[in-house]
Amino acid sequence: MRDKHDEFFLREFVKRWTNQKVASRWFSRFFYYLDRYHIIRWSLPSLKDVCLTNFRDLAYIKVSSKVRDAIISLIDLEREGEQIDRTLLKSVLDILVEIGMGKMKCYEDDFEVHMLEDTVAYYSQKASNWILEDSCPDYMAKAEECLKQEKERVSHYLQSSSEQKLMKKVEHELLFVYESQVLEKEHSGCHALLTDNKVEDLSRMYRLFCRTPRGLDTIIQIFKKHVTAEGVALVKQAEVAASDKKVFVRRVIELHYKYLTYVTDCFMHHSLFHKALKETFEVVCKGIARSSSAELLASFCDSIVKKSRSCEELSDEAIEEILEKVVKLLAYASDEDLFAEFYRKKLANRLLFDKSDNEDRVRSVLTKLKRQFGGWFTRKMERMVTDLTLARENQASFESYLNSNPHVSPGFDLTVTVLSTGFWQINKSIDLNLPAEMVKCVDVFKEFYQMKNKHRKLTWIHSSGTCIINGNFEPKTTELMVTTYQASVLLLFNASDSLSYSEIRTQLNLSDDEVVRLLHSLSCAKYKVLNKEPNTKTIGPNDYFEFNSKFTDRMRRIKIPLPHVDEKKKVIKDVDKERQYAIDASIVRIMKRRKVLDHQQLVMECVEQLSRSFKPDFKGIKKRIEHLINMDYLERDKDKPNIFRYLA
Amino acid sequence: MRRSSTRRSGQQNPTASANSTPVDLYRSASSKAIIKELERIDHLFQSYVDKSSGMIDPEGIEQLCSDVEVDHTDVRILMLAWKMKAEKQGYFTLEEWRRGLKALRADTIGKLKKALSELEKEVSKPPNFLDFYSYAFRYCLTEEKQKSIDIESICELLVIVLGSQYMPQVNSFVAYLKTQNDYKVINMDQWMGFLRFCQEANFPSLDNYDPDEAWPLILDNYVEWMREKQSLHQRRTLPKLLWIST
């Protein structure tokens, strides 16, 4: 037996063991009686045990180290890919367990400890080679393969109690020791994988490193850095080429979607990755100046809806999908109310000035928005659409009223859109002095409306009105599509040929800004319907204007655009005001319920209540608390200034 | 029963006390003194009163100030008003005048002068001072339903009321109030907040100031302004120090 080595030695060992077993069984048979009665009476060790002990003390002790070495060398052979006799190993190891006589001490001390040591040595050597030679994906593939094999090994012939210890050692050697080296490999590390969209490798990376104690941290760091870099690059690009905002938004959305799928697919929805993504996109959204990210997204949505109408290229599902993505992105900007306000503005423009929009379409998009954001978001918008339907009915009945009462003719075609106050973002109309013709038709409509609705008050918003007027120019008559304001200016020239700036201003009763804007659109822009003296590009308070009878254009009907006032600031101001009211309401609600509350708690609850529409800043809340103290809704506790009381 | 009732009436009427006990004598004497004192107080009031309105008006107060030899912007005059619980700025009614001077036990100008320095000590005790401090703000509210005071008056008032105790804080805060544009007026809450600030915050390090606490926003902004100034200052002085050391 001593001359044999390795596998043959083990075979011999197993054979001897079997012989011993047989012998001990026969002994038991022969001395059955003694075994049953004598031994128990004198409480001596049983015959079977004595056999085992004898075998252990006389035979096993002498060969134990040889057995162990043989097993380990066989395992090493298998690791290198050779075929070995697994059943043999299994039986040898079973013997070790059996010799332990119910305890694992023999297996653990004589074999397992040494096996683990060997494993550590083996893999640390392997890993040190691989890390130098292989790229990160290769290394990871190998590591994963090794881990798989070790696991199989345990299930094939090792005791299951070894699994945890073994895997821990292997993971430590393969993953933990070289963690940062693997992840940060220059041309193939995590960073490169993200750049090259190596989804599979990334998933593997997650699978491997989620086992090590802090393995994910490094990946998250790299992931964050990578995504931020891309996002910031996009923002920079957008700043350079400021014109193409839609492309930018589309790209940001795509970027977000891409990494979100990474997080869900490769990183198994791990919460830390979600957090990282959130933080990153917060940075990106902040990179775009506040408010403009909400505005950009709003106009993006608007354009999508418009596009889907004009060429039907986007199906309902596609719109829904895009909206969903937008909603996710918007959550990072935490300006949902601002977004709603911008979107409402766009919608109002579309509803009022762009009649081609299909009502069903608008409603279906609204339902989608409602599903995404909740009822508060679309409440006003739904009312707007309803208003428009009502207005259309109203217009129809107005027309039939005109037909049946020919004596009250307004003088020309008049379409009035009656809307309800409070739901539309429309600038309050300044008191424009309407030309006589228009005054008449306004009166006719008023009369009609009072007949139907006695107690309603009509406010005329001339700033949103449009007119088509005939310009009797010398070459030919041209139809001019203008706003009510522009028309009022032009109609002044029916009465006189030349008017000074101040005359126009007093006759119209408008502010200077407004008059300058109107006159500029009529005398300095593309269509010069009015001649200006002196003929310069800007409007001065001492200028004179006269009707340009020589004006002509190849089109029969032209639209004279009035440049939009930048309403962004106004929208932001409106939203800020809305927010103040929302904060006030929230504080009062909380305090009404709690009566007495600590400052910090009040702030926290307030933030929580409002978080679905926007993220109020602490200073803002403080300001509103102070405002409420001033208004005698709250008071500060006299002894504890951190505590507020509700004053009913 | 009858006797006691007459005795009681005797107390009320000091002239009818011919057969009264020594105690009564003493009492009547003291009550006589009180009456005398009240007479003198009223007399003093008459010397400053504006005949048409029946109150001491700003002119009268100025006269009073020069008689007791303090400036009319002196904190002691404000304390006197506090003691009188004067309602309207610049005016003392007879009732207020009696209330104040009786409490001070001052019926002549000389006594009043002495009493004023006593009063200063009394006010400086914590609960009194808190009351006085909030009174000072309310005293400046001249209009009906007015709740706040303009920055300029507040600066003056701060110097008068807190100047002696918290000079550095007051100076720095006044400097801030004059540079900022967010606030045009100060309300009661902010006013009381500043006293708490002076009492609680380490100055000028401000290291224990936490803006997450319920400090009025104006103090948050002030502290932010201070810290900015301090870091700027440090940055500016640091190179100089280096230059000296090399």
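Below is a short write-up of the structure.

Procedures and definitions
- Counting restarts for each chain: residues are numbered from 1 in the order of the written sequence.
- In the order they appear in the text, chains get letters beginning with A and ligands get numbers beginning with 1.
- It should be noted that, the model being predicted, local features are given only for residues of pLDDT at least 70 and side-chain atom pairs only at 80 or more, the latter also being counted only at that level, while totals for whole chains, interfaces and linings use all residues.
- To obtain the side-chain values, all non-hydrogen atoms of the structure were included, while hydrogens and water were left out.
- Definition used in this section: a nonpolar core is a set of buried Ala, Val, Leu, Ile, Met, Phe, Trp, Tyr and Cys residues joined via side-chain atoms within 4.5 Å.
- Classification of residues uses two cut-offs on accessible area relative to the type maximum, computed with a 1.4 Å probe and protein chains only: under 20% is buried, over 50% is exposed, and between them is partly exposed.
- Residue contacts are defined here by distance: any two heavy atoms, one from each residue, within 4.5 Å place the two residues in contact.
- Think of it this way: any DSSP run of H or I at least four residues long counts as a helix, any run of E at least two long counts as a strand, and we number them from the N terminus.
- Pairing between strands requires that DSSP locate at least two bridges from one strand to the other.
- Polar contacts, as counted here, are pairs of nitrogen or oxygen atoms within 3.5 Å of one another; within protein the pair requires one atom able to donate a hydrogen and one able to accept it, and residues that are adjacent in sequence qualify only if both atoms are side-chain atoms.
- Lines are fitted to the C-alpha atoms to define the axes, a helix being fitted only along its stretch in contact, and any angle between axes, read from their N-to-C directions, falls within 0 to 180 degrees.
- For classification purposes, an angle smaller than 35 degrees is called roughly parallel, one larger than 145 roughly antiparallel, one from 65 to 115 roughly perpendicular, and anything else oblique.
- We call Asp, Glu, Lys and Arg charged. Ala, Val, Leu, Ile, Met, Phe, Trp, Tyr, Cys and Pro are nonpolar, and the rest, Gly among them, are polar.
- Here a pair means two rings of Phe, Tyr or Trp (six-membered ring of Trp) with centres within 6.5 Å. Their orientation is stacked below 30 degrees between planes, edge-to-face above 60, and tilted elsewhere.
- Look at NZ for Lys and CZ for Arg. If either is within 6 Å of the ring centre and within 35 degrees of the ring normal, a charge sits over the ring.
- By buried area we mean how much accessible surface two parts lose on assembly, using a 1.4 Å probe and totalling the loss over both.
- We define a salt bridge as a contact between a side-chain nitrogen of Lys or Arg and a carboxyl oxygen of Asp or Glu at a distance within 4 Å.

Concerning the nonpolar core
Here is step 1: With 122 residues, the main nonpolar core has L10, F111, L174, M205, F223 and F339 of chain A as its most contacted residues.
Here is step 2: The residues contacting L10 of chain A, other than those within four sequence positions of it, are V67, A70, I71, L74, L88, L89 and V92 of chain A.
Here is step 3: Of all hydrophobic cores here, the second largest spans 69 residues; its members include L116, C140, V174 and F197 of chain B.

A closer look at unusual backbone geometry
Excluding glycine, residues mostly carry a negative phi; peptide bonds, for their part, are mostly trans.
Residues and elements named next belong to chain A.
Here is step 1: Although it is not a glycine, K595 sits at a positive phi angle of roughly 65°.
Here is step 2: By the secondary structure assignment, K595 is in the loop between α23 (568-594) and β7 (596-598).
Here is step 3: Positive phi outside glycine occurs at D632, with the angle close to 65°.
Here is step 4: Locating D632 in the fold gives a position in the loop between α25 (618-630) and β8 (634-636).

Quick look at the pairing of strand β2 (residues 477-483) of chain A
All names here are of chain A.
Here is step 1: Taken across its 7 residues, β2 has 5 buried, putting it largely inside the fold.
Here is step 2: Judged from the 7 bridges that link them, strand β1 (residues 466-472) and β2 form a sheet pairing that is antiparallel. Opposite T466, over in β2, you have T483 as the bridge partner.
Here is step 3: Connecting β1 to the next strand, β2, in antiparallel fashion are 4 residues.

Considerations on the side chain of T119 of chain A
All names here are of chain A.
Here is step 1: Relative to the helices and strands, T119 resides in helix α5 (residues 105-133).
Here is step 2: Taking relative accessible area as the criterion, T119 reaches 1% and is therefore assigned buried.
Here is step 3: Polar side-chain contacts of T119 include one of 2.7 Å to the backbone oxygen of M115.
Here is step 4: The residues touching T119, leaving out its near neighbours within four places in the chain, are R79, L166 and V170.

Quick look at the sheet that holds strand β9 (residues 643-646) of chain A
Residue and element names in this part refer to chain A.
Here is step 1: Sheet architecture is open: 3 strands sit in the order β7-β9-β8, paired in antiparallel fashion. Every other strand in the sheet has two partners, leaving β7 and β8 as the edge strands with one partner each. Direction aside, the axes of adjacent strands within the sheet are offset by 30° on average.
Here is step 2: Two elements, β8 and β9, share 3 bridges in a ladder whose sense is antiparallel. Looking at β9, one finds that R636 is bridged to F644.
Here is step 3: α25 contacts β8 and β9 of the sheet and is inclined by roughly 100° relative to β8.

A look at the packing of helix α3 (residues 58-68) of chain B against helix α6 (residues 109-123) of chain B
Residues and elements named next belong to chain B.
Here is step 1: At a minimum axis distance of 9 Å, the contact between α3 and α6 shows a crossing angle of 80°. Between α3 and α6, the angle falls in the class roughly perpendicular. Each of L64, D67 and V68 in α3 lies in contact with α6, whose residues at this interface are I109, L112, K113 and L116.
Here is step 2: Its residues assigned to classes, the contact of α3 with α6 comprises 5 nonpolar, no polar and 2 charged.

Points about the environment of V154 of chain A
All names here are of chain A.
Here is step 1: You can see V154 is positioned in helix α6 (residues 136-156).
Here is step 2: Through-space distance from the C-alpha of V154 to that of M167 is 9.6 Å; in sequence the pair is 13 residues apart.
Here is step 3: Apart from residues no more than four positions distant in its own chain, V154 is found in contact with Q159, S160, E163 and L166.

What to know about the packing of aromatic side chains
Here is step 1: Going through the model one piece at a time under the given rule, you end up with 38 aromatic pairs over all chains.
Here is step 2: Ring geometry for Y401 of chain A against F448 of chain A: centres 5.0 Å apart, planes inclined by 40°, an arrangement best described as tilted. Pair noted here: Y401 of chain A is in helix α18 (residues 375-404) and F448 of chain A is in helix α19 (residues 436-452), with a separation of 47 residues, a long-range link.
Here is step 3: Classification of F448 of chain A as buried rests on a relative accessible area of 3%.
Here is step 4: With a centroid separation of 4.4 Å and 10° between ring planes, the pair formed by Y133 of chain B and W191 of chain B is classed as stacked. Here W191 of chain B lies in helix α10 (residues 188-200) and Y133 of chain B lies in helix α7 (residues 126-139), a separation of 58 residues in the sequence.
Here is step 5: Owing to a relative accessible area of 2%, W191 of chain B belongs among the buried residues under this scheme.
Here is step 6: Ring-pair connections join several aromatic residues into one group, and the members of that group are F173, Y176, F194, F197, Y209, W215, Y222 and W225 of chain B.
Here is step 7: Above the face of the Y91 of chain B ring, K88 of chain B is positioned so that its terminal group lies 4.6 Å from the ring centre.

Some remarks on the interface of chain A and chain B
Here is step 1: Listed per partner, the contact involves 15 residues of chain A and 15 residues of chain B.
Here is step 2: Between chain A and chain B lies a buried interface of about 1,300 Å² when both sides are counted; carbon and sulfur atoms form 41% of it.
Here is step 3: Of all residues in chain A, K619, K622 and E626 of chain A give up the largest surface area on contact with chain B, accounting jointly for 40% of the area buried on that side.
Here is step 4: Our enumeration of links across chain A and chain B arrives at 4 salt bridges.
Here is step 5: Between E224 of chain B and K619 of chain A there is a salt bridge; the shortest N-O distance is 3.2 Å.

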